[in-house]
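Notes for the structure review
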Amino acid sequence: MSGRLLQNDLNGPPMPTAVRAEGVWITDVAGKRYLDGCSGAIVSNIGHGHPRVVRAICDQASRLTFAHRTAFTTEPLRELADALCMFTGYDAAWFVGSGSEATEAAIQLAVQFHRERGDRKRTWFLSFRRGYHGNTLGGLSLSGNARRDAVLNLVHDFPSLPEPYAYRDRGDRSDSEWTAGMLATARLLFEKYDKTLAGIVVEPVGGATMGATVPPAGYLPGLQELCDEFGGLFIADEVMTGMGRCGTAMAAEQFGVRPDIAVMGKGLGAGYTPIAAALVSPRVHEQLRAGSGRILGGHTYAGNPLSAATALAVLRVVREEGVLENAARVAPRLAAGLAEIQQRSDLVVDARGLGMLQAIELSSDKATGRAPDPQGVLAREVAARAAANGLILYPTTGGVNDALIVAPPLTITDDEADVLLEKLANTVRA
Ligand SMILES: Cc1ncc(COP(=O)(O)O)c(C=O)c1O
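From a predicted model like this one, the values you see are computed outputs, not experimental measurements.

Moving on, we come to the overall build of the protein chain. If you tally the helices and strands in the protein chain, you get 13 helices and 15 strands. On C-alpha atoms alone, the protein chain measures out to a radius of gyration of 21 Å, which is about the 22 Å that the 2.2 N^0.38 rule sets for 430 residues. Along the three orthogonal principal directions, the C-alpha set of the protein chain runs to about 60 × 60 × 45 Å. Every one of the 430 residues in the protein chain was classed for burial, and the buried ones make up 54%. Put simply, of all contacts in the protein chain between residues at least 6 apart along the chain, 73% involve residues at least 24 apart. Working note: accessible area of the protein chain is about 19,100 Å², and carbon and sulfur atoms make up 52% of it. Each charge class in the protein chain can be summarised by its mean position, and for the 42 positive and 47 negative side chains these summaries are 4 Å apart.

Here it is as structure tokens:
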């Protein structure tokens, strides 16, 4: 272990050293195997070491790894844009290197969209307070995630829309009463920021901050209607939920909304390469072309041919190898298993999710379900014990609750899902 390596936990216990991985299994230097129950950080959607992707990486690396976008385009990049738009139904793609950069790009594209129409006042955004959109200043301005504290007053205080968190906030209300209440509060905010609103940025299903929280059916369509009424763009942050994670190419389509911009990352490179994208609808695309016809900004490594060829291979695996079909089969099994663990355990107070983005919420007081104080310690402790049992889970990091995201590769088999559930049941029992 190198004391020169800065890690998140500078004084924590040593972490295992991962040396190889295949499918849903990661092996450490001591030969211990871990079931990757959260695809890393909900990244490795097609599992590890897929031979087709490895081959594509080697092929591309032997031909061309970099040609800067100001001088060249490349075949894999053009093919990726076409394939991704066909897969997701968006009109055009702007590539970057990480989910945070993609959120920043969406913010900039939205502001540019309004500016091209002669409206320079629309620079303000609404988002969910208990959400996460990345570790950059723009992303953190949109997030109430605890990480925001690290940068104090450097971030904007974008106002918060009510975020759908059924377990804590719904109470005894029906879904329609709850939805109507949230939309009434949202309307007041839209009215307040009417002339300055560039758009809203929301996760279709809550991820790193809340843990697989699913909105009631009418909420996202209600927000879309407000955007249309008040002239803001609907930006879906699908960094975690996109690329089939929730059962469809993009999660927003399951709620009947058609965002103006969608942001994706994580599963796009699927752990094989850093790559992310902001996808735009025809309306946004046309406005940018008809206006200045120029997107300002960009990042040096954005859209490099090696990452593009890799993501293209990942997308081909997803489309051609029955990945979504497998996920559709295994997801109900996983959800049922988590619900059973909730019933049997004193520690698990909620089990929820959509498709292969599931979570359990923990409390040491099952009777009240009270969130632990200090927050995060319990979830980290259970995650550490799960790791000792050979199961990796993703604790929520937002300072909101203690939840563990359960989101294995979409390629996991029934038998492997059963192993995951058994390891998890044993962990919470202990
Ligand atoms: C919804 C969402 N948006 C943005 C990000 C930031 O992505 P990255 O860590 O690749 O910068 C994340 C990361 O967890 C995320 O979950």
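So, on to the side chain of T273. Its location among the elements puts T273 in the loop between β9 (261-264) and β10 (276-280). Polar contacts involving the side chain of T273 include one to the side chain of S307, which spans 2.6 Å. Not counting the four nearest positions on each side in its chain, T273 is found in contact with S307 and T310.

Here β9 shows a buried face lined by I261 and V263 and a second buried face lined by A262 and M264. With 3 bridges joining them, strand β8 (residues 233-237) and β9 adopt parallel strand pairing. The partner of A236 across the bridge, within β9, is A262. Pairing between β9 and β10: 4 bridges, direction antiparallel. Paired with M264 across the strands is A277, a residue of β10.

Right, let's talk about the nonpolar core for a bit. If you look at soluble globular proteins, the nonpolar side chains tend to sit buried side by side. Formed by 63 residues in total, the largest nonpolar core has its most connected members in I46, L84, M243, L362 and L424. Mapped onto the domain boundaries, this core takes at least three residues apiece from domain 1 (18-46 + 322-429) and domain 2 (52-320). Excluding its chain neighbours within four sequence positions, the residues that come into contact with L84 are F95, M243, M264, L268, A277, L279 and L315. Judged by nonpolar contacts, the second largest core, of 41 residues, contains Y132, L161, V205 and A236.

On the basis of which strands lie adjacent, the open sheet formed by 4 strands has the order β11-β12-β15-β14 and antiparallel pairing. A single partner strand is all that each edge strand has here, and the edge strands are β11 (348-354) and β14 (394-395). With 4 bridges joining them, strand β12 (residues 357-362) and strand β15 (residues 403-406) adopt antiparallel strand pairing. Directly across from I360, in β15, lies its bridge partner L404. Of the strands in this sheet, β11, β12 and β15 are in contact with helix α11 (residues 323-344), which crosses β11 at around 170°.

Turning to the packing of aromatic side chains, a few remarks are in order. For the structure on display, the rule yields 5 aromatic pairs. On the numbers, 6.3 Å between centres and 15° between planes, the contact of F128 with Y219 is stacked. Residue F128 is located in strand β5 (residues 124-128), and its partner Y219 is located in helix α8 (residues 219-230); the two are separated by 91 residues in the primary sequence. For F128, a relative accessible area of 4% translates into the label buried. According to the relative accessible area criterion, Y219 is buried, its value standing at 0%. Members of the aromatic cluster, connected to one another through ring pairs, are W124, F125 and F158. Between R33 and the ring centre of W25, over which it is positioned, the NZ or CZ distance is 4.3 Å. The ring of Y90 is capped by R258, whose NZ or CZ atom sits 4.5 Å from the centre of that ring.

Rules of the game
- Residues numbered from 1 in each chain as written.
- Predicted model: local features only at pLDDT ≥ 70, side-chain atom pairs only at ≥ 80, totals over all residues.
- Heavy atoms only, no water.
- Helix = DSSP H or I, 4+ residues; strand = E, 2+ residues; numbered from the N terminus.
- Rg over C-alpha atoms; globule rule 2.2 N^0.38 Å.
- Buried < 20%, exposed > 50% of the residue type's maximum accessible area, 1.4 Å probe, protein only.
- Contact = heavy atoms within 4.5 Å.
- Areas by Shrake-Rupley, 256 points an atom, 1.4 Å probe, with all protein chains shown as cover.
- Lys, Arg positive; Asp, Glu negative; His and termini not counted.
- Charge placed at Lys NZ, Arg CZ, Asp CG, Glu CD.
- Polar contact = N/O pair within 3.5 Å; in protein donor to acceptor, adjacent residues only side chain to side chain.
- Pairing = 2+ DSSP bridges.
- Core = buried A, V, L, I, M, F, W, Y, C linked by side-chain atoms within 4.5 Å.
- Domains from an automatic or database assignment.
- Axes fitted to C-alpha atoms, helices over the stretch in contact; angles between N-to-C directions.
- Phe/Tyr/Trp six-rings, centres within 6.5 Å; stacked < 30°, edge-to-face > 60°.
- Lys NZ or Arg CZ within 6 Å of the ring centre and 35° of its normal.

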